[in-house]
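# Observations on the three-dimensional arrangement
Residue strings, one per chain:
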Amino acid sequence: MVLTAERLVKLAYNYPNLHNSWYLIACAALTVINEPQEIPKVFHFALRQQLLEYSQEKSLLTDTYLLKLAQDSISSSERFKDFDAVGVKLPDLMIPFTYYNKLPVKFKFTKSEDIHHSQSAIAAKFREVILKSAALSGLPKAINALMILKSVTPTSIRPSELPARKPIVLPGHLPSSEIVGEDVSGTHFNGRKEPGWPATETIDGAISPSSVDTREIQKNLTRGSEFWNSIYTNKINTRIRRQMYNAYPDLWYFAYQNVYSPLLSFTDILSAKETSMCVVTCLIPQDVNPQLKGHLKGARNVGATEEELEELRQLVFDLCDWSGGVHWKGGKESVAKL
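The name given to the protein chain in an unreviewed UniProt entry is Carboxymuconolactone decarboxylase-like domain-containing protein, with the source organism recorded as Scheffersomyces stipitis.

Listed below in structure tokens is the structure:
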């Protein structure tokens with residue numbers, strides 16, 4: 001077992017600069033080090049813990065009721081997987097009434113709508129962290145983590161159920177990143193048919209050249225370019241682009257057109273700063289200092305502080321130590337930092 005109640009409380013309260021992002025960093029790290037079965041524990045604890053006011057008191061690390069809240073979150077994450085396996089609707093997650101008033105920090109909300117909105121936003125961020133990690137640690141790990149996350153997500157804060165033809169995912173990249181239009185009958189033509197260009201059937205329906213929304217493609221590429229330039233400044237942006245192009249032109253075009261433009265630069269769910277911090281998180285366990293050095297500077301460029309990045313580094317080290325499966329050729333001391 002990687003995460004215990006004590007360890008969950010440490011992640012949440014031992015790093016004061018990360019009090020609103022610790023769970024995103026933990027989710028990214030657990031995905032990369034291939035411990036996706038631990039993500040539900042973080043998820044269920046964060047859904048409850050983020051409903052509380054923040055405090056920097058060190059006594060919170062050993063508080064009886066916070067530890068109980070963490071243990072209850074571990075237990076509920078295990079029960080939810082069992083419920084989901086038999087098709088039971090998963091209930092909302094709240095702080096148990098039996099001890100909510102005994103916790104050492106106050107409850108933030110008084111309205112159920114505010115609680116639902118907060119938890120929906122947290123769930124969306126978990127999904128987005130894992131999706132973005134696919135570009136950094138591989139699609140299989142992201143698939144496994146998202147499938148596990150879905151199995152423990154309360155039904156009321158899951159994405160919409162997907163219809164057979166046209167997926168609607170809220171919140172998420174669709175329809176904001178949709179590049180293929182559709183008419184009222186469900187055919188991907190934008191109402192136009194061009195002679196000599198017959199429709200082609202795809203897994204997502206029929207398309208033709210006239211159905212492709214070039215404005216959306218242009219918007220994505222522009223956004224990806226702006227995000228790249230915000231991460232890499234002072235002419236480093238063009239130098240790294242040239243290095244990638246010279247190594248293999250397709251390397252650059254894949255990174256720009258398929259990673260930065262549609263994925264990393266999408267900030268409707270995770271901010272540029274949160275995205276950048278999760279990128280740094282994903283790189284630390286992989287022992288890839290050249291990329292880590294660049295993204296540490298990039299994180300500073302989009303608003304992360306040196307204190308946040310140092311605490312992020314230590315939090316990731318905690319998770320790597322607890323998992324026991326991460327090693328660096330030169331030891332922890334060799335891992336790049338600001």
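On we go.
## Focus on the overall build of the protein chain
Within the protein chain one finds 12 helices and 2 strands. Beginning at the N terminus, the succession of helices and strands in the protein chain can be written as α-α-α-α-α-α-β-β-α-α-α-α-α-α. By the burial criterion, 47% of the 338 residues in the protein chain qualify as buried. Within the protein chain, residue pairs in contact and separated by at least 24 positions form 72% of the contacts whose partners lie at least 6 positions apart. Counting every atom, the protein chain has about 17000 Å² of accessible surface; 55% of that belongs to carbon and sulfur.

## Structural notes on the layout of surface pockets
Using a probe with the size of a water molecule, rolled over the atoms, empty space left in the structure can be pinpointed. Roughly 700 Å³ of volume is contained in the second largest pocket. As for the second largest pocket, its lining consists of 29 residues, and the residues nearest its centre are Y232, I240, Y260, Q291 and H295. With 7 residues, helix α11 (residues 289–301) is the largest single contributor of residues to the lining of the second largest pocket. Of the residues assigned to the lining of the second largest pocket, the class counts are 18 nonpolar, 8 polar and 3 charged.

## Side note on a positive patch on the surface
On the surface, a cluster of positive charge is made up of R239, R242, K293 and K297. Breaking the positive patch down by element, the ones donating at least two residues are α8 (236–247) and α11. Secondary-structure assignment places R239 in helix α8. Judged by its relative accessible area of 37%, R239 falls in the partly exposed class.

## Observations concerning the side chain of E308
Along the polypeptide, E308 turns up in helix α12 (residues 306–323). With residues up to four places along the chain from it excluded, the contact list for E308 reads N17, L18, K273, M277 and G303.

## Some thoughts on the pattern of salt bridges
Using the criterion set out here, one finds 10 salt bridges in the structure. In this structure, K10 engages D318 in a salt bridge whose closest nitrogen and oxygen atoms are separated by 3.6 Å. In this pair, K10 is assigned in helix α1 (residues 5–13) and D318 in helix α12, connecting sequence segments 308 residues apart. Since its relative accessible area comes to 28%, K10 is described here as partly exposed. Note that R158 and D84 form a salt bridge whose closest N and O atoms lie 2.8 Å from each other. Taken together, the positions of R158 in the loop between α6 (139–151) and β1 (200–202) and D84 in helix α4 (residues 64–85) put the pair 74 residues apart, joining distant regions of the chain.

## A look at empty space enclosed by the protein
By the definition in use, this model includes 1 cavity of 30 Å³ or more. The space that makes up the largest cavity amounts to roughly 50 Å³. Lining of the largest cavity is provided by V129, K132, S133, L136, L264, L270, T275, C278, V279 and C282. When contributions to the lining of the largest cavity are tallied by element, the ones reaching two or more residues are α5 (112–137) and α10 (272–283). Looking at the lining of the largest cavity residue by residue, the classes come out as 7 nonpolar, 2 polar and 1 charged.

## Considerations on the nonpolar core
The nonpolar side chains of soluble globular proteins are, as a tendency, buried together. If you look at the biggest cluster of nonpolar residues, it comprises 88 residues, and the most contacted ones within it are L3, W22, V42, F126, I284, L312 and L319. Broken down by element, this core gets its largest block of residues, 10 residues, from helix α2 (residues 22–32). Discounting residues that sit within four places of it in the chain, L312 has contacts with L18, I25, M277, V280, T281 and I284.

## Let's talk about unusual backbone geometry
Although it is not a glycine, N34 sits at a positive phi angle of roughly 65°. Relative to the assigned elements, N34 resides in the loop between α2 and α3 (39–49). N34 gets classed as partly exposed once you look at its relative accessible area, which sits at 45%. Look at N234: it is not a glycine, yet its phi comes out positive at around 55°. The residue N234 is located in the loop between α7 (214–231) and α8 in this model. Judged by its relative accessible area of 70%, N234 is exposed.

Rules behind the numbers
- Position numbers for residues count from 1 along each chain, tracking the sequence in the order it is written.
- Given that the model is predicted, a residue must reach a pLDDT of at least 70 before its local features are reported, and side-chain atom pairs must reach 80 or more before they are shown or counted; all residues, however, enter totals for whole chains, interfaces and linings.
- Hydrogens are left out, water is left out, and the side-chain values use all remaining heavy atoms of the structure.
- Elements are defined by DSSP. Helices are runs of H or I of four residues or more, strands are runs of E of two residues or more, and each kind is numbered from the N terminus.
- Only protein chains enter the calculation, and the probe is 1.4 Å; a residue is then buried if its accessible area is under 20% of its type maximum, exposed if over 50%, and partly exposed in between.
- Should any heavy atoms of two residues lie within 4.5 Å, those residues are counted as being in contact.
- Note on areas: these come from Shrake-Rupley sampling with a 1.4 Å probe, and a residue is covered only by the protein chains present in the view.
- Throughout, the protein atoms alone are placed on a 1 Å grid, and a set of points is a cavity if a 1.4 Å probe fits but cannot get out or a pocket if it is open with protein on both sides within 12 Å along at least five of seven lines; lining residues have an atom within 4 Å of a point.
- Grid points are joined across faces, edges and corners, and a volume is the space filled by probe spheres set on the points.
- Following the grouping adopted for this structure description, the nonpolar residues are Ala, Val, Leu, Ile, Met, Phe, Trp, Tyr, Cys and Pro, the charged ones are Asp, Glu, Lys and Arg, and the polar ones are all others, Gly among them.
- For patch building, the residue pool is restricted to those with more than 30% relative accessible area and no salt bridge; the joining distance is 9 Å between like charges and 5 Å between nonpolar side chains (Val, Leu, Ile, Met, Phe, Trp, Tyr).
- Salt bridge, as applied in this entry: a Lys or Arg side-chain nitrogen positioned within 4 Å of an Asp or Glu carboxyl oxygen.
- Lys and Arg are tallied as positive, Asp and Glu as negative. Neither His nor the chain termini are counted.
- By convention, the point assigned to a charge is CZ for Arg, NZ for Lys, CD for Glu and CG for Asp.
- Here, the term nonpolar core denotes a set of buried Ala, Val, Leu, Ile, Met, Phe, Trp, Tyr and Cys residues that are joined through side-chain atoms within 4.5 Å.

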